[in-house]
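Structural overview
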Amino acid sequence: MAKNKTVKIKQIGSPIRRPESQRKILVGLGLNKMHKIVERQDTPEVRGAIAKIPHLVTIVD
């Protein structure tokens, strides 16, 4: 069976003074505090969410 690929995402920006839609994307990814790192499956949905808020998150190796 093939191994599921994952991506580690780190929050680098604050959601303060950001639109509500961007805050909801952060919560959907499981991020709520600065410098928190979460691991998610590497799917097109997750990649799309990351692409919408590149100023708030980064991909960690």
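Residues numbered from 1 in each chain as written. Predicted model: local features only at pLDDT ≥ 70, side-chain atom pairs only at ≥ 80, totals over all residues. Heavy atoms only, no water.

**What to know about the sheet that holds strand 3 (residues 57–60)**
- Read across the open sheet, the three strands follow the order 2-1-3; overall the sheet is antiparallel. Each edge of the open sheet carries a strand with a single partner, namely strand 2 (37–41) and strand 3. Ignoring strand direction, the axes of neighbouring strands in this sheet form an average angle of 35°.
- With five bridges joining them, strand 1 (residues 6–11) and strand 2 adopt antiparallel strand pairing. (Pairing = 2+ DSSP bridges. Helix = DSSP H or I, 4+ residues; strand = E, 2+ residues; numbered from the N terminus. Axes fitted to C-alpha atoms, helices over the stretch in contact; angles between N-to-C directions.)

**What to know about the pattern of salt bridges**
- In the structure shown here, the tally under the stated rule is one salt bridge.
- A salt bridge links Asp42 to Arg47; its shortest N-O distance comes to 2.7 Å.
- Taking the relative accessible area as the measure of exposure, Arg47 reaches 38% and is therefore partly exposed. (Salt bridge = Lys/Arg side-chain N within 4 Å of Asp/Glu carboxyl O. Buried < 20%, exposed > 50% of the residue type's maximum accessible area, 1.4 Å probe, protein only.)

**What about helix 2 (residues 44–52)?**
- For helix 2, every residue scored as buried is listed here: Val46, Ala49 and Ile50. The buried residues of helix 2 all sit within an arc of 100° when viewed along its axis, so they share a single face. Summarising the geometry of helix 2, the exposed residues directed more than 90 degrees from the buried face are Pro44, Glu45, Ala51 and Lys52.
- Buried positions along helix 2 lie against strand 1, helix 1 (20–29), strand 2 and strand 3. (Arc of directions from axis to C-beta. Contact = heavy atoms within 4.5 Å.)

**Focus: unusual backbone geometry**
- With a phi close to 65°, Arg17 is a non-glycine residue in the positive phi region.
- Position of Arg17 among the secondary structure elements: in the loop between strand 1 and helix 1.
- Relative accessible area serves as the criterion here: at 79%, Arg17 is assigned to the exposed category.

**Describing helix 1**
- Looking at helix 1, one finds that the buried residues are Gln22, Ile25, Leu26 and Leu29. The arc enclosing the buried residues of helix 1, seen along the axis, measures out at 100°, which places them on a common side. Opposite the packed face of helix 1, turned more than 90 degrees from it, sit the exposed residues Lys24, Val27 and Gly28.
- Gly30, located one to two residues past helix 1, shows a positive phi value of around 90°.

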